[in-house]
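Per-entry structural report
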Amino acid sequence: EQYAQRHDGAMPLVRPNDVFFSLHALVLCAIVGLQAIMYPRGSQRLSWLSRGMLGACALMVPVGVVLAAAHACAACTWLDLLTSLSYFKLAISITKYVPQVVLNAKRRSTVGWNIDNVVLDFVGGMLSLAQAVLDAGCSGDWSAIAGNPVKFGLGFSSMVFDTVFLIQHYVLYPNRRSSVALSPH
């Protein structure tokens, strides 16, 4: 209802695969997080930026749930909470790519990660955008794309960064796939 009120009566085009993808990603992120806690990391530590983003999310979720459940203000709705979390997810997704691009450029190598995952991520972004366009076209409601800018942003940003990775791997550093040590400075 809240979505329809804000979007001229249009209902959100959320498909079962969207829900499954979100739950699947949550479970896998939880597993990776547990592995990061359980296994030795040597001298690797979370950056202050990562700690800050995790802390903000850890605060944002319970506070947002309480505010939305209590209807504490006009902007404290479940839709606003989910929208805020989705923009937070978009920000995290975009910032997670930047360090890898920089590291590859510094080392002038793409050693250490699997290009197959980049291709799969690119295809996933492309299919996500294709689903949004097809859903909008079939329903005759092109505002659905504007109504879910985060889904569009996630698909588009993953395709852009994956293109950068593919160019780094196959064009810029094709013969530099062996290990290149970085100085600690």
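Residues numbered from 1 in each chain as written. Predicted model: local features only at pLDDT ≥ 70, side-chain atom pairs only at ≥ 80, totals over all residues. Heavy atoms only, no water.

This brings us to the environment of Asp-121. Mapped onto the secondary structure, Asp-121 falls in helix H5 (residues 115-139). Asp-121 sits in the partly exposed class, given a relative accessible area of 27%. Counting along the chain gives 34 residues from Asp-121 to Gly-155, while the straight-line C-alpha distance between them is 9.0 Å. Here Asp-121 is in contact with Tyr-97, Ser-158 and Asp-162, once residues within four sequence places are set aside. (Helix = DSSP H or I, 4+ residues; strand = E, 2+ residues; numbered from the N terminus. Buried < 20%, exposed > 50% of the residue type's maximum accessible area, 1.4 Å probe, protein only. Contact = heavy atoms within 4.5 Å.)

Given two aromatic rings, their pairing is described by the distance between the two centres and the angle made by the two planes. One pass over the full model with this rule turns up four aromatic pairs. Considering the side-chain rings of Tyr-97 and Phe-161, the 4.9 Å spacing of their centres and the 10° angle between planes classify their relative orientation as stacked. Of this pair, Tyr-97 sits in helix H4 (residues 78-107) while Phe-161 is found in helix H7 (residues 149-172), placing the two residues 64 residues apart along the sequence. What makes Phe-161 buried here is its relative accessible area of 16%. Between the NZ or CZ atom of Arg-51 and the centre of the ring of Trp-48, over which it lies, the distance is 4.8 Å. Sitting above the plane of the Tyr-97 ring, Lys-96 keeps its charged end 5.2 Å from the centroid. (Phe/Tyr/Trp six-rings, centres within 6.5 Å; stacked < 30°, edge-to-face > 60°. Lys NZ or Arg CZ within 6 Å of the ring centre and 35° of its normal.)

What follows deals with H4. Taking 1.5 Å per residue, 30 residues should reach 44 Å; H4 reaches 45 Å between its end C-alpha atoms and fits that length. Arg-108 sits one or two positions beyond H4 and adopts a positive phi of about 50°. (Expected span 1.5 Å × (residues − 1).)

Attention shifts here to the environment of Ser-128. Following the sequence through the fold, Ser-128 ends up in helix H5. Separated by 26 residues in the primary sequence, Ser-128 and Leu-154 place their C-alpha atoms 8.6 Å from one another.

A separate point is helix H3 (residues 48-70). Compared with the 33 Å implied by 1.5 Å per residue over 23 residues, the 33 Å span of H3 between its first and last C-alpha is a close match. Those residues of H3 not exposed but buried are Met-53, Gly-64 and Ala-68. In this fold, the buried residues of H3 make contact with H4. Following H3 by one or two positions, His-71 adopts a phi angle in the positive range, close to 50°.

So, on to the nonpolar core. Listed in full, the six residues of the largest apolar core are Tyr-97, Val-101, Ile-115, Val-118, Phe-161 and Phe-165. Among the elements of the structure, H4, H5 and H7 are those that each provide at least two residues to this core. Residues within four places of Phe-165 in sequence aside, it is in contact with Tyr-97, Gln-100, Val-101, Asn-104, Trp-113, Ile-115 and Val-118. (Core = buried A, V, L, I, M, F, W, Y, C linked by side-chain atoms within 4.5 Å.)

The next thing to look at is the packing of H3 against H4. Where H3 contacts H4, the two axes come as close as 9 Å, and the packing angle between them is 170°. Considered as vectors, H3 and H4 are oriented roughly antiparallel to each other. Note on element contacts: H4 touches H3 through Trp-78, Leu-81, Ser-84, Leu-85, Phe-88, Ala-91, Ile-92 and Thr-95, opposite Met-53, Ala-56, Cys-57, Met-60, Val-61, Gly-64, Val-65, Ala-68 and Ala-69. Its residues assigned to classes, the contact of H3 with H4 shows 14 nonpolar, three polar and no charged. (Axes fitted to C-alpha atoms, helices over the stretch in contact; angles between N-to-C directions. Parallel < 35°, antiparallel > 145°, perpendicular 65-115°, else oblique. Nonpolar A, V, L, I, M, F, W, Y, C, P; charged D, E, K, R; others polar.)

Segments scoring low in pLDDT should not have their predicted coordinates read at a detailed level. Averaged over the protein, the pLDDT score is 84; the fraction of residues at 70 or greater is 86%. When the elements of the protein are averaged for pLDDT, helix H1 (residues 2-6) gives the smallest value, 65, and H7 the largest, 93. (pLDDT = per-residue confidence, 0-100.)

Our next topic: the state of the cysteines. Two cysteines form a disulfide when their sulfur atoms are joined by a covalent bond. Counted under the stated rule, the structure contains one disulfide. Note on cysteine connectivity: Cys-73 is disulfide-linked to Cys-76, with sulfurs 2.1 Å apart. Residues Cys-73 and Cys-76 are joined by a disulfide whose S-S torsion is about 80°; by sign, that bridge is right-handed. Given a relative accessible area of 38%, Cys-73 falls into the partly exposed group. Judged by relative accessible area, Cys-76 falls into the buried class, the value being 11%. (Disulfide = S-S within 2.5 Å.)

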